[in-house]
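Given next are the chains, with one letter for each unit.
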Amino acid sequence: MITVASLVPYLGGALVLGGVAVVASRRRELLIRWCAWAVGVPLVTAAFWWGRPGAALVALTAGVIAVFEFGGLLRLGRPDRVVLAAAVAGVVLAAWLAPGQVLRVVAIGALAVAAVPLLAGDAERGLHRVGAGLLGLAWLSVLAALVPLGASALALFVAVSIADIVAYFAGRRLGGPRLSPLSPAKRWSGTLAGSTAGLGVLAVLSALSWPTAVAVAVGGPAGDLLESMVKRGAGTKDAGRWLPGSGGLLDRIDSLLVALAVLLVLT
């Protein structure tokens with residue numbers, strides 16, 4: 001069984017090795033990104049060590065931040081963002097306090113999200129607001145899976161993060177056919193190399209199974225493409241600008257979100 005304690009040495013070692021590599025590269029943007037990781041990883045790890053309450057706190061925080069970034073990309077007004085944030089928070093709290101009621105809470109959240117433009121009588125943008133809100137609810141409510149999965153979700157996040165990094169550098173070096181028009185910089189060669197690296201990380205962390213393998217190899221790249229589609233539709237490069245070296249939080253968890261969804265479906 002995977003525990004947070006068993007992951008700590010690997011997380012610490014990865015941070016140290018990453019820091020050495022960043023210093024050797026002498027690239028300022030990588031140093032800024034590593035500093036953000038050096039602060040964020042211990043905080044998230046400590047929260048997961050706390051158990052289900054800590055995982056719920058991480059999911060709530062990430063969910064609310066991601067909702068407002070998503071709302072900015074889709075140009076949703078404040079009422080839409082507030083209701084969507086409340087709906088996502090409700091799903092997370094249900095996963096923690098009343099797991100048997102999660103589907104009911106999702107349904108209530110969907111009705112609340114749809115009710116905002118309906119009550120406003122928005123005939124011009126109402127359909128866009130309803131569609132965007134339901135997409136956000138389905139996409140971001142998956143963070144509630146952090147609560148029951150616990151340390152397994154942390155291991156999955158490490159695997160998809162390493163897979164993303166390897167895919168980026170391998171794709172640039174190896175070249176080859178593009179993965180999708182949604183993200184012209186991504187190559188099949190990089191995706192395959194990243195997936196291989198992600199599976200290796202799962203094996204090292206004793207978290208490798210066929211559901212986690214599919215989640216990393218298929219869900220991770222699909223999550224990245226999903227956010228690319230949203231950002232291309234919004235005509236922007238990043239979901240935010242507040243996270244040093246990384247844009248926004250949604251830019252960092254896009255792969256994890258669909259990977260979690262795939263893992264939930266398969267298990």
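Asker: Sorry, what's going on with the pattern of salt bridges here?
Answerer: Opposite charge on two side chains lets them pair, provided their charged atoms get close. Enumeration according to the criterion identifies 5 salt bridges in this entry. Residues Asp80 and Arg129 are paired through a salt bridge, measuring 3.0 Å at the closest nitrogen-oxygen approach. Taken together, the positions of Asp80 in helix H4 (residues 78–97) and Arg129 in helix H6 (residues 126–140) put the pair 49 residues apart, joining distant regions of the chain. The exposure class assigned to Arg129 is buried, which follows from its relative accessible area of 11%. The salt bridge partner of Lys231 is Asp251, with a shortest N-O separation of 3.1 Å. Taken together, the positions of Lys231 in helix H10 (residues 210–234) and Asp251 in helix H11 (residues 249–266) put the pair 20 residues apart, joining distant regions of the chain. Its relative accessible area of 7% is what places Asp251 among the buried residues. Linked by salt bridges that have partners in common, Asp80, Asp122 and Arg129 make up one network.

Asker: Help me understand helix H1 (residues 4–25) in this model?
Answerer: A turn of α-helix holds 3.6 residues, and therefore any two residues three or four places apart point the same way. Between its first and last C-alpha, H1 extends 31 Å over 22 residues, near the 32 Å set by a 1.5 Å rise per residue. Residues Val4, Leu7, Leu11, Leu15, Gly19 and Val22 constitute the buried set of H1. Axial view of H1: buried residues confined to an arc of 110°, hence all on one face. In H1, the exposed positions that point more than 90 degrees away from the buried face belong to Pro9, Val16, Leu17, Val20 and Ala24. As for H1, its buried residues are in contact with helix H2 (28–49) and helix H8 (151–174). One or two positions beyond H1, positive phi appears at Arg26, with a value near 60°.

Asker: In this structure, what is going on with the confidence of the model for the protein? I would like to understand it.
Answerer: Interpretation of this model should avoid reading the predicted coordinates in detail wherever pLDDT is low. Chain-level statistics for the protein give a pLDDT mean of 90 and a share of 99% at 70 or above. Ranking the helices and strands of the protein by mean pLDDT puts H4 first, with 97, and H1 last, with 83.

Asker: Where do I start with the packing of aromatic side chains in this structure?
Answerer: By convention here, two paired aromatic rings are described through the distance between centres and the angle between planes. Inspection of every chain in the model, using the stated rule, returns 3 aromatic pairs. Centre to centre, the rings of Tyr168 and Phe169 are 5.0 Å apart; their planes meet at 80°, and the pair counts as edge-to-face. For Phe169, a relative accessible area of 39% translates into the label partly exposed.

Asker: Help me understand the side chain of Lys231, please; the structure alone is not making it clear to me.
Answerer: Using a relative accessible area of 12% as the deciding quantity, one classes Lys231 as buried. At 3.1 Å, the side chain of Lys231 forms a polar contact with the side chain of Asp251.

Asker: Explain the side chain of Asp254 here, please?
Answerer: Within the fold, Asp254 resides in helix H11. Apart from residues no more than four positions distant in its own chain, Asp254 is found in contact with Gly223, Asp224 and Glu227.

Asker: I tried to follow the packing of H8 against H10 on my own but got confused; where do I start?
Answerer: When two helices pack together, their arrangement is given by the angle between the helix axes and the distance between those axes. One way to put it is that H8 packs onto H10 with a least axis distance of 9 Å and a crossing angle of 35°. Along this stretch, H8 crosses H10, giving a crossing that reads as right-handed. Contacts from Leu156, Ala159, Val160 and Ala163 in H8 reach Thr212, Ala215 and Val216 in H10. Here the contact of H8 with H10 is built from residues that sort into 6 nonpolar, 1 polar and no charged.

The rules behind these values
- Residues numbered from 1 in each chain as written.
- Predicted model: local features only at pLDDT ≥ 70, side-chain atom pairs only at ≥ 80, totals over all residues.
- Heavy atoms only, no water.
- Salt bridge = Lys/Arg side-chain N within 4 Å of Asp/Glu carboxyl O.
- Helix = DSSP H or I, 4+ residues; strand = E, 2+ residues; numbered from the N terminus.
- Buried < 20%, exposed > 50% of the residue type's maximum accessible area, 1.4 Å probe, protein only.
- Expected span 1.5 Å × (residues − 1).
- Arc of directions from axis to C-beta.
- Contact = heavy atoms within 4.5 Å.
- pLDDT = per-residue confidence, 0-100.
- Phe/Tyr/Trp six-rings, centres within 6.5 Å; stacked < 30°, edge-to-face > 60°.
- Polar contact = N/O pair within 3.5 Å; in protein donor to acceptor, adjacent residues only side chain to side chain.
- Axes fitted to C-alpha atoms, helices over the stretch in contact; angles between N-to-C directions.
- Left-handed = near helix turned anticlockwise from the far one by under 90°.
- Nonpolar A, V, L, I, M, F, W, Y, C, P; charged D, E, K, R; others polar.

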